[in-house]
Amino acid sequence: QVQLVESGGGLVQPGGSLKLSCEVSGSIFSSYVMGWYRQAPGKQRELVAGITNGGRTNYADSVKGRFTISRDNAKNTVYLQMNSLKPEDTAIYYCNIRQFVGIKDYDYWGQGSQVTVSS
């Protein structure tokens, strides 16, 4: 079983910064992708940023140049540094790990962190 515990959400003014953390525990296999997703009211959940076990990253166009995903393998933690935040970044942010075992993949989710960007 895999557990993800998020921290770091909150209220910030436009132009401000926040850093989300996601600590992963349990059985982590060698092949996986980790990511941050977000879901705003009335909208579908969308991928914000992802990082592979090899360290390759990808970002949604809407956050490129403002958000950075990173990880600390020693702490089994993945981070999302969010700078130059905009009101449209307001959403619940979810940490995810997708593990690949043979031809199957398994998704695990964090509990969600509210990020509100407002003056």
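Nothing here was measured: the structure is a model prediction, and the numbers come from that model.

Colleague: Would you explain the overall build of the protein in this entry?
Modeller: Along the protein, the regular secondary structure elements total 0 helices and 11 strands. Taken from the N to the C terminus, the helices and strands of the protein come in the order β-β-β-β-β-β-β-β-β-β-β. Each principal axis of the C-alpha distribution contributes one length, and for the protein these read about 45 × 30 × 25 Å. Counting across all 119 residues of the protein, residues that qualify as buried make up 38%. Carbon and sulfur atoms make up 47% of the accessible area of the protein, which totals about 6,600 Å².

Colleague: Sorry, what's going on with the state of the cysteines here?
Modeller: Here, disulfide denotes a covalent bond that connects the sulfur atoms of two cysteines. Applying the stated criterion across every chain yields a total of 1 disulfide. The disulfide bridge from C22 ends at C95, spanning 2.1 Å between sulfur atoms. Across the S-S bond linking C22 and C95, the dihedral sits near -85 degrees, which makes this disulfide left-handed. A residue pair is termed long-range when its members are at least 10 positions apart, and C22 in strand 3 (residues 18-26) and C95 in strand 9 (residues 91-101) qualify at 73 residues. Of the residues examined, C95 reaches a relative accessible area of 0% and is grouped as buried.

Colleague: Any chance you could explain a nonpolar patch on the surface here in plain terms?
Modeller: On the surface, F29, V101 and Y106 cluster together into a nonpolar patch covering about 260 Å² of accessible area. One can find V101 in strand 9.

Colleague: Hey, could you run me through the pairing of strand 9 in this one?
Modeller: In summary, the side chains of a regular strand alternate between the two faces of the sheet. Two strands pair when backbone bridges link them, and strand 4 (residues 32-39) and strand 9 are joined in this way by 8 bridges, in the antiparallel orientation. Within strand 9, the position partnered with V33 by the bridge is R98. Across 3 bridges, the pairing between strand 9 and strand 11 (residues 113-117) is antiparallel. Along strand 11, the bridge assignment pairs A91 with V115. Two elements, strand 9 and strand 10 (residues 104-109), share 6 bridges in a ladder whose sense is antiparallel.

Colleague: What's the story with the side chain of T77 in this structure? I'm lost.
Modeller: Checked against the element boundaries, T77 lands in strand 8 (residues 77-82). Within the local environment of T77, its side chain forms a polar contact with the backbone oxygen of K75, the two atoms lying 2.8 Å apart.

Analysis parameters
- Residues numbered from 1 in each chain as written.
- Predicted model: local features only at pLDDT ≥ 70, side-chain atom pairs only at ≥ 80, totals over all residues.
- Heavy atoms only, no water.
- Helix = DSSP H or I, 4+ residues; strand = E, 2+ residues; numbered from the N terminus.
- Buried < 20%, exposed > 50% of the residue type's maximum accessible area, 1.4 Å probe, protein only.
- Areas by Shrake-Rupley, 256 points an atom, 1.4 Å probe, with all protein chains shown as cover.
- Disulfide = S-S within 2.5 Å.
- Patch = residues over 30% accessible without salt bridge, like charges linked within 9 Å, V, L, I, M, F, W, Y side chains within 5 Å.
- Salt bridge = Lys/Arg side-chain N within 4 Å of Asp/Glu carboxyl O.
- Pairing = 2+ DSSP bridges.
- Polar contact = N/O pair within 3.5 Å; in protein donor to acceptor, adjacent residues only side chain to side chain.

By themselves these figures say nothing about function.
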